[in-house]
Amino acid sequence: MTSPSLYWLRNDLRLADNAALTAAAAQGPVIFLYVLDDETPGDWRLGGASRWWLHHSLTSLSAKAPLTLRRGPADKVIAEVLKETGAGSVHFTRDYAPWSGALERRVKAACEASGAACHRYGGFLLHEPEAIRNGSGEPYRVYTPFSKACFATGEPKPLKPVPAFTSFAAKLASDRLDDWDLLPTKPDWAKGFSGFWTPGEEGAAARLKAFIADGLTHYADERDRPDRDVTSRLSPHLRFGNISPAQCWHAVRAAQFKSGGKLDKTAEKFLKEILWREFSYHLLHHWPTLPTEPFRPEFRAFPWAEDGEGLAAWQRGRTGYPIVDAGMRELWATGTMHNRVRMIAASFLIKDLLIPWAEGERWFWDTLVDADIGSNSASWQWVAGCGADAAPYFRIFNPVLQGEKFDGQGTYVRKWVPELARLPNQFVHKPWEAPRLVLDAAGVELGRNYPHPVVDHGQARDKALAAFKQIKGAA
Ligand SMILES: Cc1cc2nc3c(=O)[nH]c(=O)nc-3n(C[C@H](O)[C@H](O)[C@H](O)COP(=O)(O)OP(=O)(O)OC[C@H]3O[C@@H](n4cnc5c(N)ncnc54)[C@H](O)[C@@H]3O)c2cc1C
């Protein structure tokens with residue numbers, strides 16, 4: 001009798017374009033094992049919104065394959081399952097989180113101890129972080145040459161179809177998904193998520209299709225507009241592997257070729273964003289302290305403020321700056337926030353309130369459905385000015401001008417901050433400048449139903465620049 005092969009599901013919750021599953025299926029009946037491991041990542045165990053996504057992704061996958069669910073340190077659980085089943089091989093997709101390398105080595109050791117072959121595959125990224133090097137053989141620190149090096153490698157490998165597989169027949173002990181309590185109960189802060197998202201492989205495919213049909217044409221010109229629905233919203237699907245980056249890449253390329261060149265600019269722009277994700281993981285792999293330590297060491301001496309009230313106002317979307325508040329409320333209601341607004345809100349926390357970037361990173365970790373150890377850390381450091389290839393610290397977003405530029409009609413602000421909905425465009429990004437009569441007519445009473453600004457942006461900017469001066473040149 002052929003011994004079963006163990007397919008360890010990780011951030012690859014799909015059947016298509018899945019090298020690990022394809023190889024497992026070719027070797028024997030497949031045991032589909034998902035391990036909820038809250039111990040190995042330590043402080044970086046999955047946040048609340050990610051747990052919601054995971055629950056629904058597993059539910060969706062379990063309709064197509066019989067999942068064995070277990071909880072505990074993944075290497076120990078794998079060792080147990082090998083013992084119980086006599087599986088002859090283990091197959092999994094590589095992960096790049098700072099704790100994953102050691103975990104994968106422990107899994108290999110467990111396989112060796114039980115005489116099973118251990119196989120690791122790529123697929124979460126297009127390029128292994130070791131594969132892209134600059135002319136001196138070093139990892140890249142700057143995005144543009146990194147992206148050029150990626151493009152120079154040519155197109156990703158052809159996609160793998162869903163493999164034919166036989167499931168392992170013996171009944172294995174499995175937890176019940178509901179017993180993992182991945183969904184919030186009281187209060188159910190995720191109640192709005194399901195109207196907005198369809199986690200899982202089918203949801204990802206539908207999202208990609210809709211994006212190519214409706215968003216891609218406008219992507220290059222309008223991707224910075226939070227009042228438009230043109231970006232792909234694929235990030236949580238990519239985060240959990242409901243779809244592979246290669247699937248996204250090939251689909252966009254196919255649409256580009258079909259358009260006879262009409263989509264060239266916009267398709268390239270989208271592919272470059274996929275490469276920002278690759279770059280984040282390239283950095284994380286080569287600098288694994290990225291989630292906690294500033295890439296530029298001089299920032300360790302930055303004179304951050306302790307401002308619990310400011311942090312709470314930011315988290316709740318009550319800073320008095322409409323575009324920031326709209327973003328923070330969008331995040332709470334949907335588990336996502338438009339990229340441009342992520343930059344504005346992050347800049348506000350770091351530079352207007354002088355609150356450490358790591359506090360914002362933590363909040364996003366818990367509240368984003370796409371919370372991702374690579375992209376989240378790299379992006380927070382980018383906004384803070386302390387990352388590789390970061391926005392310079394002294395480039396401080398003015399939340400009013402940003403709002404006026406990217407949400408000119410105030411559509412986005414009105415949607416998420418309804419108490420300002422009746423303000424005229426002229427004041428919707430700066431209600432404190434509106435004359436009393438205008439505020440009254442719009443039903444806005446500052447300090448009562450919408451806050452006064454928690455800081456004066458001009459003064460905050462000067463303070464931030466003075467703080468930056470203190471560390472400039474220090475190493
Ligand atoms: C402070 C801050 C925190 C962030 N945290 C995360 C995070 O935890 N997880 C996450 O996936 N993205 C993060 N981003 C990046 C970006 O905001 C999201 O990837 C994007 O908003 C997702 O929307 P979309 O899928 O519609 O993107 P699209 O514009 O459609 O882009 C396509 C894909 O490219 C990737 N991508 C796009 N922009 C970036 C970027 N700047 N960095 C890395 N990858 C990118 C994503 O995988 C995205 O799905 C963060 C950005 C900022 C400024």
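Because the structure is predicted, anything quoted here is derived from the model rather than measured.

Calculation notes
- Residues numbered from 1 in each chain as written.
- Predicted model: local features only at pLDDT ≥ 70, side-chain atom pairs only at ≥ 80, totals over all residues.
- Heavy atoms only, no water.
- Helix = DSSP H or I, 4+ residues; strand = E, 2+ residues; numbered from the N terminus.
- Rg over C-alpha atoms; globule rule 2.2 N^0.38 Å.
- Contact = heavy atoms within 4.5 Å.
- Areas by Shrake-Rupley, 256 points an atom, 1.4 Å probe, with all protein chains shown as cover.
- Lys, Arg positive; Asp, Glu negative; His and termini not counted.
- Charge placed at Lys NZ, Arg CZ, Asp CG, Glu CD.
- Pairing = 2+ DSSP bridges.
- Axes fitted to C-alpha atoms, helices over the stretch in contact; angles between N-to-C directions.
- Parallel < 35°, antiparallel > 145°, perpendicular 65-115°, else oblique.
- Nonpolar A, V, L, I, M, F, W, Y, C, P; charged D, E, K, R; others polar.
- Salt bridge = Lys/Arg side-chain N within 4 Å of Asp/Glu carboxyl O.
- Buried < 20%, exposed > 50% of the residue type's maximum accessible area, 1.4 Å probe, protein only.
- Expected span 1.5 Å × (residues − 1).

**Looking at the overall build of the chain**
Item 1. Per the secondary structure count, the chain includes 19 helices and five strands.
Item 2. In summary, the chain has a C-alpha radius of gyration of 24 Å against a globular reference of 23 Å for 475 residues, a match within 12%.
Item 3. Along the first, second and third principal axes, the C-alpha set of the chain runs to 85 × 50 × 50 Å.
Item 4. Partitioning the intrachain contacts of the chain with sequence separation of at least 6 by distance along the chain shows that 79% fall at a separation of at least 24.
Item 5. For the chain, the exposed area adds up to about 20,600 Å²; of that, 52% sits on carbon and sulfur atoms.
Item 6. Of the side-chain charges in the chain, 58 are positive and 55 negative, and the distance between the mean point of each set is 3 Å.

**Digging into the sheet that holds strand β5 (residues 117–121)**
Item 1. Judged by pairing direction, the sheet is parallel, and its five strands sit side by side in the order β3-β2-β1-β4-β5 without closing on themselves. The strands lining the two open edges of the sheet, one partner per strand, are β3 (67–71) and β5. Recorded for the sheet is a direction-independent mean angle of 25 degrees between the axes of neighbouring strands.
Item 2. Where strand β1 (residues 5–9) meets strand β2 (residues 30–36), five bridges bridge the pair, whose relative direction is parallel. Across the sheet, the residue bridging to tyrosine 7 is phenylalanine 32, located in β2.
Item 3. Each of β1, β2, β4 (89–93) and β5 is contacted by helix α1 (residues 19–27), which is oriented at about 160 degrees to β4, the strand it contacts most.
Item 4. Along the sheet, helix α3 (residues 74–85) makes contact with β1, β2, β3 and β4, crossing β2 at roughly 150 degrees.

**A closer look at the packing of helix α9 (residues 264–286) against helix α14 (residues 373–384)**
Item 1. Orientation of α9 relative to α14, taken along the N-to-C sense of each, is 90 degrees, at an axis distance of 8 Å. The orientation of α9 relative to α14 falls into the category roughly perpendicular. On the side of α9, the interface is formed by Trp276, Arg277, Ser280, Tyr281, Leu283 and Leu284, while α14 contributes Ile373, Gly374, Ser375, Ala378 and Trp382.
Item 2. A breakdown of the residues in the contact of α9 with α14 according to their chemical character gives seven nonpolar, three polar and one charged.

**Here we look at the pattern of salt bridges**
Item 1. A full pass over the atoms with the stated rule returns 32 salt bridges.
Item 2. Residues arginine 253 and glutamate 155 are paired through a salt bridge, measuring 3.0 Å at the closest nitrogen-oxygen approach. Pair noted here: arginine 253 is in helix α8 (residues 245–258) and glutamate 155 is in the loop between α5 (143–152) and α6 (201–222), with a separation of 98 residues, a long-range link.
Item 3. Taking the relative accessible area as the measure of exposure, arginine 253 reaches 10% and is therefore buried.
Item 4. Looking at glutamate 155, the relative accessible area reads 41%, which means it is partly exposed.
Item 5. Linking aspartate 227 and arginine 225 is a salt bridge whose minimum nitrogen-to-oxygen distance equals 2.8 Å.
Item 6. The partly exposed category is assigned to arginine 225, whose relative accessible area is 22%.
Item 7. Several salt bridges share partner residues, and in doing so they unite Asp38, Arg45, Arg51 and Arg71 into one network.

**With respect to the packing of helix α11 (residues 322–334) against helix α13 (residues 357–367)**
Item 1. Two numbers describe how α11 lies on α13: the axes approach to 9 Å, and their chain directions differ by 35 degrees. When α11 is examined against α13, the residues Met328, Leu331 and Trp332 are found in contact with a partner set consisting of Trp363, Phe364 and Thr367.

**Regarding helix α2 (residues 48–62)**
Item 1. For α2, built from 15 residues, the straight-helix expectation of 21 Å at 1.5 Å per residue is met to within 8% by its first-to-last C-alpha distance of 21 Å.
Item 2. Gly48, Ala49, Ser50, Arg51, Trp52, Trp53, Leu54, His55, Ser57, Leu58, Ser60 and Leu61 are the residues of α2 that are buried.

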